[in-house]
Amino acid sequence: MITPRTCRTLALSAALATAAVAGSALTATAGDDAPSLAVPAQSAKLLDRQVLPALTFGEPVPSGAGIETANGVPVPFEAQPVQGFSGNLVQPDGSYLVLSDNGYGTKANSGDFLLAVHRLTDSGDGTLAVAPGGFTLSDPYRKVTWDLTREDRRLTGSDFDPESFRQAPDGTFWFGEEFGPYLLHTDAAGRLIDVPVPLPGVASPDNPELGTAEPNLASSKGFEGMAQSADGRYLFPMLEGPVAGDDPQDLRVLRFDTVEDRYRGEAFTYRMESPRNAIGDLTQVDDHRFLVLERDNGQGPTAVFKAVFLVDTSVTDAAGHPLKTQLVNLMAVPDPDGVAGELSEESGFLTFPFTTIESVDVTGEHTIVVGNDNNFPFSAGRAEGTPDDDEFLTIEVQADLS
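Reading the values: rules and limits
- Counting restarts for each chain, with residues numbered from 1 along the sequence as it is written.
- Reporting in this predicted model follows two pLDDT cut-offs: at least 70 for local features of residues, and 80 or more for side-chain atom pairs to be given and counted; totals over whole chains, interfaces and linings ignore these cut-offs and use all residues.
- With hydrogens and water set aside, each side-chain value is computed from the structure's full complement of heavy atoms.
- The criterion for strand pairing is that DSSP finds at least two bridges linking the strands in question.
- The helix and strand labels rest on DSSP assignments: H or I over at least four residues marks a helix, E over at least two residues marks a strand, and numbering proceeds from the N terminus.
- The axes are straight lines fitted to the C-alpha atoms, using for helices just the contacting stretch, and the angles between their N-to-C directions are given from 0 to 180°.
- Classification of residues uses two cut-offs on accessible area relative to the type maximum, computed with a 1.4 Å probe and protein chains only: under 20% is buried, over 50% is exposed, and between them is partly exposed.
- The contact criterion used is simple: two residues touch if any of their non-hydrogen atoms lie within 4.5 Å.
- The salt bridge definition used is simple: a Lys or Arg side-chain nitrogen within 4 Å of an Asp or Glu carboxyl oxygen.

1. Here we look at the sheet that holds strand E5 (residues 128–136)
What the four strands build is an open sheet, ordered E2-E3-E4-E5; its pairing is antiparallel. In the strand order of this sheet, the two ends are held by strand E2 (85–90) and E5, each with one partner. Across this sheet, the average inter-strand angle for adjacent strands is 30 degrees, counted without regard to direction. Across five bridges, E2 lies against strand E3 (residues 96–100) in antiparallel orientation. Bridge pairing in E3 places Gly87 opposite Leu99.

Below is the structure:
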């Protein structure tokens, strides 16, 4: 039987064995099937760990009728689960605005999951609570031209799969989503104010406007991360998977002009450490630097690679790939002060062994906040048979992010 301690030990052993390999960065060459996982010595430190319990529910609208019981959690639910966070905008007061994605993973099983942004506040004891200030997404002005799931035009996980979001200076929100992929523009209350913006020449099998055309992007590989320029004019949506014909290790980061309402080409190409990896989020630091979450698809004892990179687009290699510097190995976050308690007391390191880690935000000159998508009720990275909580780590890093 795999116990929670066994999961932590196996995952940490893999991470520390990786960290023992000398190297200045994780490296991979085009076509590598098993790239080197050399990790540099870290100058990172865990400052805080906050948890929203998995069994947190919100609006009393039934959900989960299309899924089966997982990790001992009976379905359907009498209310909307507050879960699946794919984006986090840390607010000036320290609260979090977090974006829930499509719900349960597919169009077919998420028609009763309301797309939502929640506001979370610290309860003072290491736990988070849902607070006023969130909203659900809707289309009362009929900007969507195809049929929606609900007659009241509240948007569900069968309509869109939002994976990233940013707030514009005027208070409106932009969402990057995967089904199209589309950019969605809403007012401050989550109501669509523009028609969904497709990515020209790119479509996934879930695109509702695909018709007889052939998709050239795999399902669930649309816009995963999305950064925003300091003035709010430009968005930088990032595909999670390669477009047909692209190198499978390279991901496109586009540039969208919100003033001219059009794409202005590709901003840069992000090169993953392995074509088997995926990305979780993209956040802009300044006019040429970005944070990227990159991960493998393992959880618990099979999780090996989860990391935060600083990407500098002003320095590129011969192929045009920007410089990458690893800031944090999330499979071995140094915790010298014992912030994570029993999770790190034996080794001095906290593992973050979740399948999907999908939010990163800058909170200070040397601090970031990283959060997981708990895929409730399916993921069980901390303990076999137990649904993952939503966890947020505040981490001090060496790089100057000012």
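Moving on, there is more to tell.
2. Considerations on the pairing of strand E13 (residues 262–271)
Pairing geometry for strand E12 (residues 250–257) and E13, over seven bridges, is antiparallel. Within the sheet, the bridge partner assigned to Leu254 lies in E13 and is Glu266.

3. Observations regarding the side chain of Thr156
Note that Thr156 resides in the loop between E5 and strand E6 (162–167). By relative accessible area, Thr156 is classed as buried at 0%. With near-sequence residues (within four places) excluded, Thr156 lies in contact with Ser110, Gly111, Phe113, Leu114, Leu115, Thr149 and Arg150.

4. Side note on the pattern of salt bridges
Considering all chains together, one arrives at 21 salt bridges under this definition. Ionic pairing is found between Glu59 and Arg154, a salt bridge with its closest N-O pair at 2.9 Å. Of the two residues, Glu59 sits in the loop between strand E1 (45–52) and E2 while Arg154 sits in the loop between E5 and E6, which places them 95 residues apart along the sequence. Since its relative accessible area comes to 32%, Glu59 is described here as partly exposed. A relative accessible area of 18% places Arg154 in the buried class. Across the pair Asp296 and Lys306 runs a salt bridge, and its minimum N-O distance is 2.8 Å. Linking Asp296 in the loop between strand E15 (289–295) and strand E16 (306–316) with Lys306 in strand E16, this pair joins segments that are ten residues apart in sequence. Grouping residues by exposure puts Asp296 and Lys306 together as buried. Within this structure, Arg233, Asp257, Glu260, Arg262 and Arg264 form a network of salt bridges that share partners.

5. What to know about unusual backbone geometry
The amide bond that connects Gly180 to the next residue, Pro181, takes the cis arrangement and shows omega of 0 degrees. Residue placement: Pro181 occurs in the loop between strand E7 (173–177) and strand E8 (182–186). With an omega of 0 degrees, the peptide bond running from Phe376 to Pro377 counts as cis. The topology assignment puts Pro377 in the loop between strand E21 (367–373) and strand E22 (390–396). Positive phi, close to 50 degrees, is recorded for Asn71, a residue that is not glycine. Among the structural elements, Asn71 can be located in the loop between E1 and E2. Residue Asn71 is classed as partly exposed on the basis of its relative accessible area, which comes to 22%. A positive phi angle, near 55 degrees, is found at Arg142, a position not held by glycine. Residue placement: Arg142 occurs in the loop between E5 and E6.

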